[in-house]
Amino acid sequence: MAFSLFFLFLSLLSLSTTTTTAGTPTTTATLDVATTVQKTLDLLNPNFLQQQSDKSQKTSSESRPKTTSSSLSFTVHPRSSIHKHHHNDYESLTRARLARDSHRVNSVITNMDISISGTNRSEMKPVVESNSMYKVEDLTTPVTSGISQGSGEYFARCQALETSACRSTGCLYQVSYGDGSFTVGDFVTETVSFGNSGSVPSVAIGCGHDNEGLFVGSAGLLALGGGPLSLPSQIKATSFSYCLVDRDSDKSSTLEFNSAPPAGSVTAPLLRNPKVKTYLYVGLTGISVGGRPLSIPPSIFAVDDSGRGGAIVDSGTAVTRLQSQAYNSLRDAFTQQARNLKPTDGFSLFDTCYDFSSLTRVAVPTVAFNFAGGKTLSLRPENYLIPVDSNGKFCLAFAPTDSPLSIIGNVQQQGTRVGYDISKSVVSFSPGNC
C-alpha cells in the first residue's frame with residue numbers, strides 16, 4: 001500500500017437508510033440515486049471544479065487536523081478537487097478510471113508473483129511498451145496512490161533498492177514495476193513534516209529524475225506498506241489510519257499515525273504473508289448479501305502454503321477483486337434479491353448493471369464483509385452500487401479475478417476510517433469517521 005504524498009482520492013458521505021426488524025438481519029438499504037447522479041454532473045461543471053480547488057487550498061493552509069501530542073497527521077484531499085480532468089462526460093471519465101484500475105491490479109498481481117517466486121529484482125529491466133503509456137488526462141482515478149500509479153514503495157534506502165549505485169557524491173536508485181513503469185533518481189534523507197502536528201528527521205526518500213509510465217498528478221509518494229522501508233517502519237509508528245472520502249467530493253479527511261481508533265470500530269486480524277512483506281492482509285472469511293452469508297469456503301480468502309491467495313485491503317485499487325467462485329456467488333445472490341430492479345447492459349469490467357434513470361431513491365440488497373472473530377462490516381449502498389454515467393446507470397462495483405489474491409478496493413472503503421494497529425496486529429473499520 002502506498003499513497004500520494006499530498007493528495008488522495010477521498011469522499012463525501014452520502015446518507016443511506018436500512019430496513020430491519022428486531023431479531024432479523026438487515027436485508028435492504030436505500031441508495032440516494034438523485035444525489036449521487038448530481039455529483040457526477042457537478043464534477044463536469046468547470047465552476048464547481050474551481051470551487052473545489054479553492055476549498056482544497058483553503059483547507060490545506062488554514063484547517064490543519066487536530067492531533068494529540070503523540071500523533072502525526074496529514075490533511076488529504078480528493079484528487080478531483082485539485083487536478084482538473086479533461087473528459088467531456090462522466091462515462092468517459094469512468095472508463096479511463098477503470099482502465100487504469102485494471103493496469104494497477106495487473107501490476108499488484110505481477111509483483112506478488114515475482115515476490116513469491118523468489119525472482120531477483122536486481123536482474124529485472126524496465127520494459128516500457130507503447131500500449132502501456134497513457135495521456136495524462138486518461139489517468140484520472142478514484143485514488144491517487146503510490147502503488148496505483150505504478151510507483152510502489154517509492155521511499156527506499158540505497159542498500160535495499162532493486163538496483164542502486166553509491167559513490168562518494170551520493171547514491172542513485174532504480175525501481176521498476178510490473179506495469180512497465182519505473183523511476184530513477186537520487187537517494188537522500190530529509191525531514192518530513194506533518195502539517196503543524198510534528199516532523200520526523202532523516203527519513204529516506206527517493207528523488208526521482210526519470211519517472212516513466214503511470215506517474216502522474218502527485219507531488220510525491222508516501223509508502224504505507226508492511227516492508228521495512230515504508231514510512232510507518234521508518235518513523236516507528238505503532239499504528240496509522242486513513243479515511244477515503246468520495247472520489248468526486250470536495251471534502252477532505254486525514255491520514256494519521258499513532259492515533260487511537262474510534263470507539264465501536266469493526267475489527268479484524270491483521271495478517272502477514274512471510275513471502276510478501278509489502279502487503280497488509282486482513283482476516284476476511286466471507287461475504288453476506290441481504291443479511292445472508294454466501295456459501296463461499298473460507299479457504300478462498302486464506303493464504304496457502306505457497307504464499308499465494310489471501311485478502312489485502314488496498315487504497316490504490318478502486319474496484320474490489322474476488323476470486324471467480326466468490327464473485328459469482330456474490331453476483332448471483334445480489335441479482336436474485338434485486339429482481340425488482342431494472343437490469344441493463346454491462347459496462348467495462350462490470351457485468352451487473354441497473355437502470356435507475358427514472359428513480360430518485362431505490363431499495364437495494366445489503367452487502368457486508370465477514371471477518372475472523374465474528375465481526376461484520378456492513379457497506380453503504382454507495383460502496384457497491386456506483387454510477388458509470390450521468391444518466392442513471394449504476395453497476396455492482398466488484399469484479400472477478402483468476403488470481404488467488406482477493407483485493408478490497410477503495411470504492412468499498414470510502415466513507416470508512418481504516419486503521420492498522422501494527423503493534424496489536426488488528427485492522428479496524430469505522431464507518432462515518434472521516
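Residues numbered from 1 in each chain as written. Predicted model: local features only at pLDDT ≥ 70, side-chain atom pairs only at ≥ 80, totals over all residues. Heavy atoms only, no water.

### Side note on the overall build of the chain
Along the backbone of the chain there are 6 helices and 28 strands. If you sum the accessible surface of the chain, you get close to 17800 Å²; carbon and sulfur atoms cover 50% of it. (Helix = DSSP H or I, 4+ residues; strand = E, 2+ residues; numbered from the N terminus. Areas by Shrake-Rupley, 256 points an atom, 1.4 Å probe, with all protein chains shown as cover.)

### Topic: the sheet that holds strand β22 (residues 376-378)
Across the sheet, 4 strands lie side by side as β15-β14-β21-β22; this open sheet has antiparallel pairing. Each edge of the sheet is formed by a strand with only one pairing partner; in this case those strands are β15 (292-293) and β22. Where strand β14 (residues 284-289) lies against strand β21 (residues 367-371), 5 bridges are found, and the strand directions are antiparallel. Along β21, the bridge assignment pairs Gly286 with Asn370. In the packing of helix α5 (residues 324-337) onto the sheet, contacts are made with β14, β15 and β21, and the angle to β14 comes to roughly 20°. (Pairing = 2+ DSSP bridges. Contact = heavy atoms within 4.5 Å. Axes fitted to C-alpha atoms, helices over the stretch in contact; angles between N-to-C directions.)

### Topic: the sheet that holds strand β23 (residues 385-387)
The strand order across the open sheet formed by 4 strands is β18-β19-β24-β23, and the pairing between neighbours is antiparallel. Two strands bound the open sheet, and with one partner strand each, they are β18 (343-344) and β23.

### Topic: the packing of aromatic side chains
The tally for this structure, following the rule as stated, stands at 9 aromatic pairs. Here the aromatic rings of Phe240 and Tyr420 are separated by 4.9 Å at their centres, their planes lie at 25°, and the arrangement is stacked. Placement of the pair is Phe240 in strand β10 (residues 239-243) and Tyr420 in strand β27 (residues 416-421), with a sequence separation of 180 residues. Here Phe240 and Tyr420 have matching classes, each one buried. Between Tyr354 and Phe356 the ring centres are 6.1 Å apart and the planes differ by 5°, which places this aromatic pair in the stacked class. (Phe/Tyr/Trp six-rings, centres within 6.5 Å; stacked < 30°, edge-to-face > 60°. Buried < 20%, exposed > 50% of the residue type's maximum accessible area, 1.4 Å probe, protein only.)

### Examining the state of the cysteines
Applying the stated rule across the entire model yields 2 disulfides. In this model, Cys243 is linked to Cys434 through a disulfide, with the two sulfur atoms separated by 1.6 Å. One end of the pair, Cys243, is in strand β10; the other, Cys434, is in the segment after β28 (426-431), and 191 residues separate them in sequence. Here Cys434 falls in the partly exposed class, since its relative accessible area comes to 31%. (Disulfide = S-S within 2.5 Å.)

### Remarks on helix α1 (residues 33-43)
Looking only at α1, the buried set comprises Val33, Thr36, Val37, Lys39, Thr40 and Leu43. For α1, the arc enclosing every buried residue in end-on projection is 145°, short of the 170-degree limit, so these residues lie on one face. Among the residues of α1, the N-terminal cap falls to Asp32, whose side-chain oxygen and the backbone nitrogen of Ala34 are separated by 3.5 Å. (Arc of directions from axis to C-beta. Polar contact = N/O pair within 3.5 Å; in protein donor to acceptor, adjacent residues only side chain to side chain.)

### Some points on the nonpolar core
Counting 63 residues, the largest nonpolar core has Phe257, Val282, Tyr384 and Phe398 as its most contacted members. In terms of residues, this core owes the most to one element, α5, which gives 5 residues. Each residue touching Val282, except ones within four places of it in the same chain, is listed here: Ala268, Pro269, Leu271, Ala311, Val313, Phe371, Ile408, Val427 and Phe429. Val319, Leu349, Cys395 and Val411 belong to the second largest nonpolar core, which has 13 residues in total. (Core = buried A, V, L, I, M, F, W, Y, C linked by side-chain atoms within 4.5 Å.)

### Some details on the side chain of Asn273
On the secondary structure map, Asn273 appears in strand β12 (residues 266-273). From its side chain, Asn273 meets the backbone oxygen of Gly307 in a polar contact 2.6 Å long. Look past the residues within four positions of Asn273 in its chain and what remains in contact with it is Tyr281, Val303 and Gly307.

### Some points on the side chain of Ser253
Considering the arrangement of structural elements, one finds Ser253 in strand β11 (residues 253-257). A distance of 3.3 Å separates a polar atom in the side chain of Ser253 from a polar atom in the side chain of Arg417. Looking at Ser253, its side chain comes within polar contact range of the main-chain oxygen of Cys434, at 2.8 Å. If we skip the residues at most four places from it in the chain, Ser253 touches Phe74, Thr75, Val76, Cys243, Val245, Arg417 and Cys434.

### Considering α5
Relative to the 20 Å expected for 14 residues at 1.5 Å per residue, α5 spans 20 Å between its end C-alpha atoms, a close match to the ideal helical length. Listing the buried residues of α5 in full gives Ala326, Tyr327, Leu330, Ala333 and Phe334. Along the axis of α5, the buried positions cluster into a sector of 140°, meaning they face one direction only. (Expected span 1.5 Å × (residues − 1).)

### Brief notes about the pairing of strand β13 (residues 276-282)
With 5 of 7 residues buried, β13 lies mostly within the body of the structure. As paired elements, β12 and β13 share 3 bridges and run antiparallel to each other. Each bridged residue has a counterpart across the sheet, and for Leu271 the counterpart in β13 is Tyr281. Between β12 and β13, which pair antiparallel and follow one another directly, the connecting turn spans 2 residues.

### Describing empty space enclosed by the protein
Empty pockets left among the atoms are what a rolling probe the size of a water molecule brings to light. Under the defined criterion, the tally for this structure stands at 5 cavities of 30 Å³ or more. If you add up the space inside the largest cavity, you get close to 120 Å³. In terms of lining, the largest cavity is formed by 13 residues, of which the most central are Thr36, Asp246, Arg247, Glu382 and Pro387. At the level of secondary structure, the elements contributing two or more residues to the lining of the largest cavity comprise α1 and β23. (1 Å grid on protein atoms, 1.4 Å probe; cavity = no way out; pocket = protein on both sides within 12 Å on 5 of 7 lines; lining within 4 Å. Points joined across faces, edges and corners; volume = space filled by probe spheres on them.)

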